[in-house]
Amino acid sequence: TYVVTENCIACKYTDCVEVCPVDCFYEGENTLVIHPDECIDCGVCEPECPADAIRPDTEPDMEKWVEFNRKYSEMW
Ligand code: SF4
């Protein structure tokens, strides 16, 4: 899965939301988040993010961000 990380805080761009083929972005408290079970790992959102906030969970220390994305995408 891909996850939204701290650079998204207060970001006003939604380029990522527009390109996602499965609509798995949700509104968090002060970031967007990606639902980790709905993301199909296509990667098209990553280069669209002007804040470089979207990372693959295969990078080191991403567990907390996966949980953060899950928490806020299931909150509403
Ligand atoms: Fe959506 Fe693909 Fe980004 Fe996952 S990697 S959030 S499916 S655009």
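In short, a report on the structure.

### What to know about the side chain of Arg55
Thought 1: Residue placement: Arg55 occurs in strand 4 (residues 54-56).
Thought 2: What makes Arg55 buried here is its relative accessible area of 17%.
Thought 3: Polar side-chain contacts of Arg55 include one of 3.1 Å to the side chain of Asp52.

### Notes on the nonpolar core
A general tendency of soluble globular proteins is for nonpolar side chains to be buried together.
Thought 1: With 14 residues, the main nonpolar core has Val4, Cys16, Phe25, Ile34 and Ile54 as its most contacted residues.
Thought 2: Contributing elements (two or more residues each) for this core: strand 1 (2-4) and strand 3 (32-34).
Thought 3: Each residue touching Ile34, except ones within four places of it in the same chain, is listed here: Thr1, Tyr2, Val3, Val4, Cys24, Phe25, Cys39, Ile54, Asn69 and Ser73.

### Quick notes on the packing of aromatic side chains
Thought 1: Summed over the entire model, instances satisfying the criterion amount to two aromatic pairs.
Thought 2: Taking 5.1 Å as the distance between ring centres and 70° as the angle between the ring planes, the aromatic pair formed by Trp65 and Phe68 counts as edge-to-face. Placement of the pair is Trp65 and Phe68 together in helix 2 (residues 63-73), with a separation of three residues, close to one helical turn.
Thought 3: By relative accessible area, Trp65 is classed as buried at 12%.
Thought 4: With a relative accessible area of 23%, Phe68 lands in the partly exposed category.
Thought 5: Measuring from ring centre to ring centre gives 4.9 Å for Phe68 and Tyr72, while their planes differ by 55°; the resulting arrangement is tilted. With Phe68 and Tyr72 both in helix 2, this residue pair falls four residues apart, about one helical turn.

The rules behind each value
- Residues numbered from 1 in each chain as written.
- Predicted model: local features only at pLDDT ≥ 70, side-chain atom pairs only at ≥ 80, totals over all residues.
- Heavy atoms only, no water.
- Helix = DSSP H or I, 4+ residues; strand = E, 2+ residues; numbered from the N terminus.
- Buried < 20%, exposed > 50% of the residue type's maximum accessible area, 1.4 Å probe, protein only.
- Polar contact = N/O pair within 3.5 Å; in protein donor to acceptor, adjacent residues only side chain to side chain.
- Core = buried A, V, L, I, M, F, W, Y, C linked by side-chain atoms within 4.5 Å.
- Contact = heavy atoms within 4.5 Å.
- Phe/Tyr/Trp six-rings, centres within 6.5 Å; stacked < 30°, edge-to-face > 60°.

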